[in-house]
Amino acid sequence: MNVFVSANSKLHGDIVKRAYRLFIENINKDTKADILIMGRLGREMYEQEAQKRRYIYLDMPEIDVKSAQIKDLISVIVKYE
């Protein structure tokens, strides 16, 4: 599984964009791996890709993460080794 954890806003400079480019390079190399995107900015960027695969999206707040949101994340990740 390829996981991209991003911010929910564009106030983080170019670090998110640089990390995203590495993420895209990696999923293009591993075309069979599942994709998990966390954060609205990551989803926005991926939706703009010309060729995109099916992915799992989790909306995760940047602060005040609730235990239910962590459980959602764990229920996705636990399926993988």
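Use the structure listed above.
Because the structure is a prediction, the values reported are computed rather than measured.

This part covers the packing of helix α1 (residues 15-29) against helix α2 (residues 40-47). The geometry of α1 relative to α2 is characterised by a closest axis approach of 11 Å and an angle of 55° between their N-to-C directions. Considering their axes alone, α1 and α2 lie oblique with respect to each other. Here α1 runs over α2; the crossing is right-handed. Of the residues in α2, those touching α1 at V16, K17, Y20, I24 and I27 are L41, G42, M45 and Y46. For the contact of α1 with α2, a count of residues per class yields seven nonpolar, one polar and one charged.

Right, let's talk about the pattern of salt bridges for a bit. Scanning the entire structure with this criterion turns up three salt bridges. The partner of R21 in a salt bridge is E49, with the nearest N and O atoms 3.2 Å apart. Here the residue R21 occupies a position in helix α1, and E49 occupies one in the loop between α2 and β3 (56-58), the gap between them amounting to 28 residues. Look at R21 and you get partly exposed, because its relative accessible area is 43%. Across the pair D59 and R40 runs a salt bridge, and its minimum N-O distance is 3.3 Å. With D59 in the loop between β3 and α3 (67-77) and R40 in helix α2, this pair connects stretches of sequence that are 19 residues apart. Relative accessible area serves as the criterion here: at 35%, R40 is assigned to the partly exposed category.

To continue, consider the sheet that holds strand β2 (residues 35-38). Spatially, three strands are ordered β1-β2-β3 in an open sheet, and the strand pairing comes out parallel. Whereas interior strands pair on both sides, the edge strands pair on one side only; in this sheet they are β1 (2-5) and β3. In this sheet, neighbouring strand axes are inclined to one another by 15° on average, regardless of whether the strands run parallel or antiparallel. Strand direction decides the pairing type here: β1 and β2, joined by four bridges, are parallel.

Thresholds, definitions, all that
- Residues numbered from 1 in each chain as written.
- Predicted model: local features only at pLDDT ≥ 70, side-chain atom pairs only at ≥ 80, totals over all residues.
- Heavy atoms only, no water.
- Axes fitted to C-alpha atoms, helices over the stretch in contact; angles between N-to-C directions.
- Helix = DSSP H or I, 4+ residues; strand = E, 2+ residues; numbered from the N terminus.
- Parallel < 35°, antiparallel > 145°, perpendicular 65-115°, else oblique.
- Left-handed = near helix turned anticlockwise from the far one by under 90°.
- Contact = heavy atoms within 4.5 Å.
- Nonpolar A, V, L, I, M, F, W, Y, C, P; charged D, E, K, R; others polar.
- Salt bridge = Lys/Arg side-chain N within 4 Å of Asp/Glu carboxyl O.
- Buried < 20%, exposed > 50% of the residue type's maximum accessible area, 1.4 Å probe, protein only.
- Pairing = 2+ DSSP bridges.

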